[in-house]
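Report on the structure
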Amino acid sequence: MLIDELRRLECSLHGAMRYDREWLEQLLHPQFLEITRSGLTVNRSQTITSLLSEKTTRSIFSRDFMLTELGRCSAILHYRTSYADNSHQALRSSHWLLSAEKQWMLIFHQGTPAADVL
């Protein structure tokens, strides 16, 4: 299923693969753009540089995945993340495109702090 494939690709960015330049260059579309959880807009080059320069990273837990298919070659993956202690909760959306080579590539990502639930 498409949701399983995109979930696997998305979660690869939450682990050790986020430090693999070759993997990042394959996965991130040349026109990739991200609006970060802190409200910054960064491009592909800035994202790769930032990920490769991270000294340490906390484990990211992802859940509540939903998929919106926009056609045969385009889909948006929606989900929620947090750290193990349930801090830094965020709502996330990733727009994926299927390339001519039949490889899914991430063209846009946005993370927004999640509202506190009472």
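These lines cover the structure that appears in this document, whether it is placed above or below. Quick caveat, the model's predicted, so the values are computed rather than measured.

Parameters at a glance
Residues numbered from 1 in each chain as written. Predicted model: local features only at pLDDT ≥ 70, side-chain atom pairs only at ≥ 80, totals over all residues. Heavy atoms only, no water. Pairing = 2+ DSSP bridges. Helix = DSSP H or I, 4+ residues; strand = E, 2+ residues; numbered from the N terminus. Axes fitted to C-alpha atoms, helices over the stretch in contact; angles between N-to-C directions. Contact = heavy atoms within 4.5 Å. Polar contact = N/O pair within 3.5 Å; in protein donor to acceptor, adjacent residues only side chain to side chain. Buried < 20%, exposed > 50% of the residue type's maximum accessible area, 1.4 Å probe, protein only. Arc of directions from axis to C-beta. Phe/Tyr/Trp six-rings, centres within 6.5 Å; stacked < 30°, edge-to-face > 60°. Lys, Arg positive; Asp, Glu negative; His and termini not counted. Salt bridge = Lys/Arg side-chain N within 4 Å of Asp/Glu carboxyl O.

Once that is clear, we can look at the sheet that holds strand β6 (residues 104-113). Across the sheet, six strands lie side by side as β2-β1-β6-β5-β4-β3; this open sheet has mixed pairing. Of all strands in the sheet, those with a lone pairing partner are β2 (41-43) and β3 (60-71), marking the two edges. Sheet twist, expressed as the mean angle between neighbouring strand axes with direction ignored, is 15°. Pairing analysis gives four bridges linking strand β1 (residues 28-35) to β6, with the strands arranged parallel. Looking at the pairing, Leu33 lines up with Phe108 of β6. Running over the sheet, helix α1 (residues 2-12) touches β3, β4 (74-83), β5 (90-98) and β6 and is turned about 130° from β3.

Moving on, we get to the side chain of His14. Looking at the secondary structure, you find His14 in the loop between α1 and α2 (21-27). Of the polar contacts made by the side chain of His14, one reaches the side chain of Tyr79; its length is 3.4 Å. With sequence-adjacent residues up to four places away left out, His14 is seen in contact with Ile60, Ser62, Tyr79 and Thr81.

Within helix α3 (residues 44-53) the residues assigned to the buried category are Thr47, Ile48 and Leu51. Down the axis, α3 shows its buried residues gathered within 95° of arc, on one side only. Each element contacted by the buried residues of α3 is listed here: α2, β1 and β2.

With respect to the helices, strands and loops of the structure, Lys102 is situated in the loop between β5 and β6. For the pair Lys102 and Tyr19, spaced 83 residues apart in the sequence, the C-alpha separation amounts to 24 Å.

On to α1, then. When we look at burial in α1, the residues that qualify are Leu2, Leu6, Leu9, Glu10 and Ser12. Taken end-on, α1 shows its buried residues confined to a sector of 160°, consistent with a single buried face. Looking at the packing, one finds that the buried side of α1 touches α2, β3, β4, β5 and β6.

Time to look at the packing of aromatic side chains. In total, this model carries one aromatic pair according to the counting rule given. Both rings, one in Phe65 and one in Tyr79, keep their centres 4.9 Å apart while their planes meet at 15°; by these two values the pair is stacked. Taken together, the positions of Phe65 in strand β3 and Tyr79 in strand β4 put the pair 14 residues apart, joining distant regions of the chain.

Right, let's get into the side chain of Glu34. Along the chain, Glu34 turns up in strand β1. One buried charged side chain, Glu34, makes no salt bridge at all; its nearest oppositely charged neighbour is Arg92, positioned 4.9 Å away. Residues within four places of Glu34 in sequence aside, it is in contact with Leu40, Thr41, Val42, Thr47 and His109.

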